[in-house]
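Single-letter residue listing:
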Amino acid sequence: GAVVSQHPSWVICKSGTSVKIECRSLDFQATTMFWYRQFPKQSLMLMATSNEGSKATYEQGVEKDKFLINHASLTLSTLTVTSAHPEDSSFYICSATYQSSYNSPLHFGNGTRLTVT
Amino acid sequence: AQKVTQAQTEISVVEKEDVTLDCVYETRDTTYYLFWYKQPPSGELVFLIRRNSFDEQNEISGRYSWNFQKSTSSFNFTITASQVVDSAVYFCALSEGVANAGKSTFGDGTTLTVKP
């Protein structure tokens, strides 16, 4: 089945530094990738939709200058948390779909647990 | 706007019991898809099922079954003869309209604990 690889699995960084998270589709071309954020014991909240070759579409309330998304190819999207602060600590999950259709199941990465100290 | 409600925050059962996880959704679209995902303690999300709004036929896959009722806007998930490995957080999700291709709204999740 479709596989989405997310790297790193966990990262600890100091406040003020930037962290890049990669999301790769390994056996399919992902026309669209999604970035979600999940706080402990809470649901997934969509942060942004990333389309290959175009700017990401951010959900209301998500700072686009803080969460930089780049979808440079059909197999790779990156999320960079810039000038990270402790409140950015969270579980970040990417997902990818290979069909531009609302009925496509989302294939999820294993998530990245970010801790900002 | 769409909304997914999973009223059961936590459920605890003893192994071999049957358990039903409830999911109620709201949408203005006539065309939409519903999903169930499993999130084990390791954190990754595992796709379980997808159901479109035009197909109300119930589905069974091994110990899992799903009951979709448009009349009550519900898409409930039943695990028969539960096992310890079923312990996880289960999310119900809704995706609507072609314009929102691939975007899903998730419920808050139900944490299922199966005790031996």
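Parameters and conventions
Residues numbered from 1 in each chain as written. Chains lettered and ligands numbered in written order. Predicted model: local features only at pLDDT ≥ 70, side-chain atom pairs only at ≥ 80, totals over all residues. Heavy atoms only, no water. Helix = DSSP H or I, 4+ residues; strand = E, 2+ residues; numbered from the N terminus. Rg over C-alpha atoms; globule rule 2.2 N^0.38 Å. Areas by Shrake-Rupley, 256 points an atom, 1.4 Å probe, with all protein chains shown as cover. Lys, Arg positive; Asp, Glu negative; His and termini not counted. Charge placed at Lys NZ, Arg CZ, Asp CG, Glu CD. Buried < 20%, exposed > 50% of the residue type's maximum accessible area, 1.4 Å probe, protein only. Polar contact = N/O pair within 3.5 Å; in protein donor to acceptor, adjacent residues only side chain to side chain. Contact = heavy atoms within 4.5 Å. Pairing = 2+ DSSP bridges. Axes fitted to C-alpha atoms, helices over the stretch in contact; angles between N-to-C directions. pLDDT = per-residue confidence, 0-100. Phe/Tyr/Trp six-rings, centres within 6.5 Å; stacked < 30°, edge-to-face > 60°.

### A short note on the overall build of chain A
Stage number 1. A tally of regular secondary structure across chain A gives 0 helices and 11 strands.
Stage number 2. Reading chain A from its N terminus to its C terminus gives the helix and strand order β-β-β-β-β-β-β-β-β-β-β.
Stage number 3. In terms of overall dimensions, chain A is globule-like: its C-alpha atoms have a radius of gyration of 13 Å, near the 13 Å expected for 117 residues.
Stage number 4. Along the longest, intermediate and shortest principal axes, the C-alpha atoms of chain A span 40 × 25 × 25 Å.

### Brief notes about the overall build of chain B
Stage number 1. A tally of helices and strands in chain B yields 0 helices and 12 strands.
Stage number 2. Each helix (α) and strand (β) of chain B, taken in turn from the N terminus, gives the series β-β-β-β-β-β-β-β-β-β-β-β.
Stage number 3. Against the globule reference of 13 Å for 116 residues, chain B gives a C-alpha radius of gyration of 14 Å, in line with a compact fold.
Stage number 4. With the principal axes as the frame, chain B shows a C-alpha extent of 45 × 30 × 20 Å.
Stage number 5. Of the roughly 5,600 Å² of accessible surface on chain B, a fraction of 48% belongs to carbon and sulfur atoms.
Stage number 6. If you average the places of the 10 positive and of the 14 negative side-chain charges in chain B, the two averages end up 3 Å apart.

### Let's talk about the side chain of A:Gln6
All names here are of chain A.
Stage number 1. Tracing the backbone shows Gln6 in strand 1 (residues 4-7).
Stage number 2. By relative accessible area, Gln6 is classed as buried at 7%.
Stage number 3. In this structure the side chain of Gln6 is engaged in a polar contact, spanning 2.7 Å, whose partner is the backbone oxygen of Tyr92.
Stage number 4. A polar contact of 3.2 Å, which involves the side chain of Gln6, links it to the backbone nitrogen of Gly111.
Stage number 5. What Gln6 contacts, discounting residues up to four positions off in sequence, is Ile21, Glu22, Trp35, Tyr92, Ile93, Cys94, Gly109, Asn110, Gly111 and Thr112.

### Some words on the sheet that holds strand 8 (residues 76-81) of chain A
Residue and element names in this part refer to chain A.
Stage number 1. In space, the 4 strands of this open sheet follow the order 1-3-8-7, with antiparallel pairing throughout. Looking at strand neighbours, the two that pair on one side only are strand 1 and strand 7 (67-73), the edges of this open sheet. Along the sheet, successive strands turn relative to each other by an average axial angle of 15°, direction set aside.
Stage number 2. Sheet topology places strand 3 (residues 19-25) next to strand 8; 6 bridges connect them, and they run antiparallel. Bridging from a neighbouring strand, Ile21 pairs with Leu79 of strand 8.

### Points about the environment of A:Ile12
Stage number 1. With respect to the helices and strands, A:Ile12 occurs in strand 2 (residues 10-13).
Stage number 2. Excluding anything up to four places from it in sequence, A:Ile12 contacts A:Thr115 and A:Thr117.

### Overview of the pairing of strand 9 (residues 90-97) of chain A
All names here are of chain A.
Stage number 1. Across the 8 residues that make up strand 9, a large majority, 8, are buried.
Stage number 2. Side-chain alternation along strand 9 places Ser90, Tyr92, Cys94 and Ala96 on one buried face and Phe91, Ile93, Ser95 and Thr97 on a second face that is also buried.
Stage number 3. As judged from the 7 bridges shared by strand 4 (residues 32-38) and strand 9, these two strands associate in the antiparallel manner. Within the sheet, the bridge partner assigned to Phe34 lies in strand 9 and is Ser95.
Stage number 4. Here strand 9 pairs with strand 11 (residues 112-116) via 3 bridges, running antiparallel. Looking at strand 11, one finds that Phe91 is bridged to Arg113.
Stage number 5. Relative to strand 10 (residues 107-108), strand 9 is paired through 2 bridges, and the arrangement is antiparallel. In the sheet register, Ser95 faces strand 10, and the bridge partner there is Phe108.

### Brief notes about the confidence of the model for chain B
Stage number 1. When pLDDT is averaged along chain B, the result is 90; 95% of the residues meet or exceed 70.
Stage number 2. Looking across chain B, the model is least confident in strand 6 (residues 46-52) of chain B, with a mean pLDDT of 87, and most confident in strand 3 (residues 19-21) of chain B, with 98.

### Digging into the packing of aromatic side chains
Stage number 1. The final tally for this structure, using the stated rule, is 18 aromatic pairs over all chains.
Stage number 2. Considering the side-chain rings of B:Tyr25 and B:Phe68, the 6.2 Å spacing of their centres and the 45° angle between planes classify their relative orientation as tilted. Taken together, the residues B:Tyr25 in strand 4 (residues 24-26) and B:Phe68 in strand 8 (residues 64-69) connect sequence positions 43 residues apart.
Stage number 3. B:Phe68 sits in the buried class, given a relative accessible area of 2%.
Stage number 4. Grouping aromatic residues by their ring pairs yields a cluster made of A:Tyr36, A:Phe108, B:Phe35, B:Tyr37, B:Phe47, B:Phe91 and B:Phe106.

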